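Understanding the architecture of this molecule
For reference, the chains in residue letters:
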Amino acid sequence: MTTAALTPPHARSLPAWLPSVQVIAIGTMLLDHLCAWLITGPWPDLMRITFGRLALPMFAFMVAWHALHAAQPLRYAHRILVIALIAQAPFMALHGQPLGNICFTLAAAAYLIAGLRRRDPWPLLLAAVLALVIIGHVEYGILGLGLVLACALAIRHPRFWLSLLVWPFSQYGINLSAYSAAIGVVLLLTLYVTQPTLPPLPHWLTRAFYPAHLWALYVIRGLL
C-alpha cells in the first residue's frame, strides 16, 4: 500500500507522517480528559464521545509502530511501563476508583511484540502477567490490548486495515462512541496512505505528556 509498510523492523527514522498521528492523539486525549474532569455539561459529554474517541486508535497505532520498528523494542516497552507507573496515582485519584491507566495495556502489547521480535520468553512472560492484570482492572481492558496487536498486524500486512473497524463496536457496542472510534480508524488509514508531513514533536513532550497532564489536571481540580 505504501513504502511505510515495507520499512524493515530495525529502521530508526521517524516517518514524516507519524507526527500527524501524535498531534491528533495528544490533542483529542487532552480534550477528552478536560471534559471528563474539569468541564461539566452536555457539550463536554458530547465532545468526549465524539472527538475524545479518536485518541485511543491513534495511541494504539503509535505503540504498534514503535514496538515494531524501535532498535531496542524491550527498552521501548520498559519506558511505557514507567510512564504507566508515574501516571497511576493521579489517574486513579481523578477517576475516584481503583482502575489502571491505559499505559499498562499499551506496555503489555509492547512487551508482547518485543518478545516476538527478539524471540525472548521474558518479555512474553511479562506481557502475560500484565494481560492478567488488565482483565477487569485496567482502562479498556483486554480489547485495548487487542487493538494494539491488530494495528501491528495492519502495519505489517495492510490488507488487514479494515479489520480494525471491528474493534470500536466490540469495545463500545453500537453507539456514537463506536462510530467516532471507527472514524478514528479511517482517519488513521487516511494519514497512513496520504503521508502528510509535519515536523517531529520533541521527545520530552511525547514521553512526558501523559503523566504530566494527569498530574496537572489533578492539581488544577484540587484548586477549583
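That block above? That's the structure.
A few points on the structure. Since this is a predicted model, take the numbers as computed values, not measurements.

**Observations regarding the overall build of the protein chain**
Tallying secondary structure elements over the protein chain gives 10 helices and zero strands in all. Its helices and strands in sequence order give the protein chain the pattern α-α-α-α-α-α-α-α-α-α, from N to C terminus. For the protein chain, the C-alpha radius of gyration of 17 Å lies close to 17 Å, the compact-globule estimate for 224 residues. Viewed in the frame of its principal axes, the protein chain has a C-alpha envelope of about 50 × 35 × 35 Å. Out of the 224 residues in the protein chain, the part that is buried amounts to 47%. Once local pairs closer than 6 in sequence are excluded, the contacts in the protein chain between residues at least 24 apart make up 75%. Carbon and sulfur atoms provide 71% of the accessible area of the protein chain, an area that totals close to 11000 Å². A gap of 15 Å separates the mean positions of the 12 positive and 4 negative side-chain charges of the protein chain.

**Overview of helix 7 (residues 141-156)**
For helix 7, which comprises 16 residues, the first-to-last C-alpha distance of 24 Å matches the rise-based estimate of 22 Å (1.5 Å per residue) to within 8%. What helix 7 keeps buried is the set G141, G144, L145, L147, V148, C151, A152, A154 and I155. Buried residues along helix 7 sit against helix 3 (55-69), helix 5 (102-118), helix 6 (121-134), helix 8 (166-172) and helix 9 (176-194).

**Describing the packing of helix 1 (residues 18-37) against helix 9**
Put simply, helix 1 and helix 9 touch, their axes get as near as 9 Å, and they point 155° apart. Compared by their axis directions, helix 1 and helix 9 come out roughly antiparallel. The hand of the helix 1/helix 9 crossing is right-handed. Residue-level inspection shows S20, V21 and I24 of helix 1 in contact with helix 9, the latter providing L187, L188 and L191.

**Examining the pattern of salt bridges**
Tallied over the full model, the rule gives three salt bridges. Between R48 and D32 there is a salt bridge; the shortest N-O distance is 2.9 Å. Of this pair, R48 sits in helix 2 (residues 42-49) while D32 sits in helix 1, placing them 16 residues apart in sequence. A residue is classified by how much of its surface remains accessible, and R48, at 27% relative accessible area, is partly exposed. Of the residues examined, D32 reaches a relative accessible area of 9% and is grouped as buried. The structure contains a network of salt bridges with shared partners spanning D32, R48 and R53.

**Examining the side chain of N101**
Structurally, the position occupied by N101 is in the loop between helix 4 (73-95) and helix 5. For N101, the side chain forms a polar contact with the side chain of Q88, separated by 2.9 Å. Not counting chain neighbours up to four residues away, the residues in contact with N101 comprise A84, A87, Q88, F91, V138, E139 and Y210.

**What to know about the packing of aromatic side chains**
Tallied over the entire structure, the rule returns 12 aromatic pairs. When the ring of F61 is compared with that of Y192, the centres are 5.9 Å apart and the planes differ by 75°; the resulting orientation is edge-to-face. Here Y192 lies in helix 9 and F61 lies in helix 3, a separation of 131 residues in the sequence. Comparing F61 with Y192, the two get one shared label, buried. Of the aromatic side chains, those joined through ring pairs into one cluster are W17, F61, W65, W161 and Y192.

**Some details on the nonpolar core**
V21, F61, I80, Y111 and Y210 are the most contacted members of the largest nonpolar core, which has 66 residues in total. For this core, the element with the highest residue contribution is helix 3, accounting for 11 residues. Contacts of Y111, omitting those with residues within four sequence positions, involve L74, A77, H78, L81, P123, L124, L126, A127 and L130.

**A short note on the side chain of S180**
On the secondary structure map, S180 appears in helix 9. Judged by relative accessible area, which is 5%, S180 ranks as buried.

Calculation rules
- Residues numbered from 1 in each chain as written.
- Predicted model: local features only at pLDDT ≥ 70, side-chain atom pairs only at ≥ 80, totals over all residues.
- Heavy atoms only, no water.
- Helix = DSSP H or I, 4+ residues; strand = E, 2+ residues; numbered from the N terminus.
- Rg over C-alpha atoms; globule rule 2.2 N^0.38 Å.
- Buried < 20%, exposed > 50% of the residue type's maximum accessible area, 1.4 Å probe, protein only.
- Contact = heavy atoms within 4.5 Å.
- Areas by Shrake-Rupley, 256 points an atom, 1.4 Å probe, with all protein chains shown as cover.
- Lys, Arg positive; Asp, Glu negative; His and termini not counted.
- Charge placed at Lys NZ, Arg CZ, Asp CG, Glu CD.
- Expected span 1.5 Å × (residues − 1).
- Axes fitted to C-alpha atoms, helices over the stretch in contact; angles between N-to-C directions.
- Parallel < 35°, antiparallel > 145°, perpendicular 65-115°, else oblique.
- Left-handed = near helix turned anticlockwise from the far one by under 90°.
- Salt bridge = Lys/Arg side-chain N within 4 Å of Asp/Glu carboxyl O.
- Polar contact = N/O pair within 3.5 Å; in protein donor to acceptor, adjacent residues only side chain to side chain.
- Phe/Tyr/Trp six-rings, centres within 6.5 Å; stacked < 30°, edge-to-face > 60°.
- Core = buried A, V, L, I, M, F, W, Y, C linked by side-chain atoms within 4.5 Å.

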